[in-house]
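Residue-level structural notes
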Amino acid sequence: MDAKQNIVIIGAGYAGLTTALRLDRKHRITLISADSHLTQRIRLHELAAGRPEVTVPLKELTKDTGITTVRGRVNAIDLDGKRVHTEDGREFAYDTLVYALGSRTDTGVPGVAEHAYTAEQAGDLRARLDGGSGELVVVGGGLTGVEMAAELAESYPAWRVALVTGGVAGAGLSEKGRRHLARTLTRLGARMHEGTRVESVGPDGVRTDQGVLAADVVVWAGSFRVPELAAEAGLAVDDRGRVVVDETLRSVSHPDVYAVGDAAAVQLPSGTHRMSCAAGMPIAAHAADVINARAAGRPAEPFRFRYLLQCVSLGRRDGLVQFVHGDDSPKERILSGRTAAWVKEQICRFTVTALKMERRRPGTYMWAKGPARRKAVADGRVEARRSDATAAR
Ligand SMILES: Cc1cc2nc3c(=O)[nH]c(=O)nc-3n(C[C@H](O)[C@H](O)[C@H](O)COP(=O)(O)OP(=O)(O)OC[C@H]3O[C@@H](n4cnc5c(N)ncnc54)[C@H](O)[C@@H]3O)c2cc1C
């Protein structure tokens, strides 16, 4: 068997593009995206701080590949009829669907949607901050919030930056890593309010469980949320709406659908993968390998992956490279300062370089592989879940 398929990929972020570019070009490949470019989301805080451009045209990334790119917003998936619908009334039939709609900042906390900026509004945020001054509150102590606070504090010294978080900033880092992060934020003039939960955002600031913090501008960098389309269509999803996939990255409810990137819930021996390019691009590359293998009648391999690093930019001249164990837990070893800033920049560049490499020679992207989840379940190291019941075929 060596079947040519009609493969539709929805979403042209890092994950959708990785899958599209790595698929065998004998297939008919259609990439549907709301935008005509890749937004380098990992640079959105840089855009807010004045970087002129963070997009790459899809035309450039898919040139000479035979991939059809379609600009359109997907608003429904008919899983029985195997069709994708776009807002403008078009429909696209598929044999195999790759769901890669990614995520956005969750704006569910009261007042956030009305009164706060998110990374997705980085261009508007820059326009608001440019030439102004006042109190600027960044909410969220995850790596996105930390990167945003550092970048804005460095680029807009006339704004007094505060980072507010319910827990500690950089909770997944080692103690050494957290210390460097706190030191750098302080050096850049940012104040930290840890252990302070924000309950709502208003026009004059944020209401927290410790009282009100006045702000002229609030930037919300809480958790990510995925589109509801998968759940609405009837795909099996987890409690955060991510598509539940088996170890070959195929939907556990609909075997002709694969899910990749932030929109998927991929079970690793350490739990569900972290929403990140670091995991999302390997997932997307492996999904392409599985689709290629199955179309050619070869067995599909289970996804294997291990984390290596967490890289944090702290402005343009400082950063943190946190070495981690395969399960993403921190080692004590870190790199910091300009060296770390340089490493982080190379990694950001590499995400686009990797796509360009796949365009020229599909199959070139590689990643660090850990044990298969199946083995971890069999060894009793992790508890079995619904997705483990659907073995690779
Ligand atoms: C400021 C910031 C910094 C970050 N830094 C890092 C980092 O250093 N390292 C790291 O690993 N991760 C980082 N991340 C996370 C990383 O950006 C995401 O995990 C990654 O972008 C996920 O890739 P994806 O392709 O799954 O989704 P996305 O990049 O979100 O792409 C999804 C695509 O789908 C399109 N789309 C969505 N809905 C529809 C629809 N209905 N119809 C058509 N198209 C649609 C979107 O327009 C988009 O093009 C950062 C995120 C932010 C915001």
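Residues take numbers from 1 onward in each chain, read along the sequence in its written order. This being a predicted model, a pLDDT of at least 70 is required before a residue's local features are given, and a value of 80 or more before pairs of side-chain atoms are given or counted; all residues contribute to the totals for chains, interfaces and linings. The basis for the side-chain values is all heavy atoms of the structure; hydrogens and waters are excluded.

Let us now look at the confidence of the model for the chain. Here the chain shows a mean pLDDT of 95. Residues at 70 or above account for 94%. Within a predicted model, pLDDT stands for the predictor's per-residue confidence, ranging from 0 to 100. In what follows, residue pairs with any heavy atoms lying within 4.5 Å of each other are defined as contacts. Predicted confidence for residues 389–393 stays below pLDDT 50, and this span has eleven contacts to residues more than four positions away or in other chains.

Turning next to the pairing of strand 26 (residues 319–324). Here strand 26 lies mainly inside the structure; six of its six residues are buried. Here the term buried applies to any residue with accessible area under 20% of the maximum for its type, exposed to any over 50%, and partly exposed to those in between, with areas from a 1.4 Å probe on protein chains only. The numbering of helices and of strands both runs from the N terminus, where a helix is a DSSP run of H or I of at least 4 residues and a strand a run of E of at least 2. Neither face of strand 26 is open: one carries Gly319, Val321 and Phe323, the other Leu320, Gln322 and Val324, and all of them are buried. In this scheme, strands are said to pair when DSSP sees at least two bridges between them. Note: strand 25 (residues 309–313) against strand 26, five bridges, orientation antiparallel. Counted as the bridge partner of valine 312 is leucine 320 from strand 26. Where strand 25 hands over to strand 26, the hairpin turn is made up of five residues, of which glycine 315 adopts a positive phi near 80°. Bridge count for strand 26 against strand 27 (residues 330–336) is four bridges, and the pairing is antiparallel. Looking across to strand 27, one finds that valine 324 is bridged to proline 330. What sits between strand 26 and strand 27 in their antiparallel hairpin is a turn of five residues, with aspartate 328 showing a positive phi close to 85°.

When a carboxyl oxygen of Asp or Glu is within 4 Å of a side-chain nitrogen of Lys or Arg, the pair counts as a salt bridge. Enumeration according to the criterion identifies 25 salt bridges in this entry. Across the pair arginine 41 and glutamate 120 runs a salt bridge, and its minimum N-O distance is 3.8 Å. With arginine 41 in the loop between strand 3 (37–39) and helix 2 (44–48) and glutamate 120 in the loop between strand 11 (116–117) and helix 5 (122–129), this residue pair connects regions lying 79 residues apart in the sequence. Judged by relative accessible area, which is 27%, arginine 41 ranks as partly exposed. On the accessibility criterion, glutamate 120 (25% relative accessible area) is partly exposed. Here glutamate 135 ties to arginine 160 by a salt bridge, and the two come within 2.9 Å at their closest N and O atoms. Placement of glutamate 135 in strand 12 (residues 134–139) and of arginine 160 in strand 13 (residues 159–164) is noted, with a sequence separation of 25 residues between them. Its relative accessible area of 24% is what places glutamate 135 among the partly exposed residues. Of the residues examined, arginine 160 reaches a relative accessible area of 45% and is grouped as partly exposed. If you follow the salt bridges from partner to partner, you end up with Arg43, Glu46, Arg51, Glu151, Arg316, Glu345 and Arg349 in one network.

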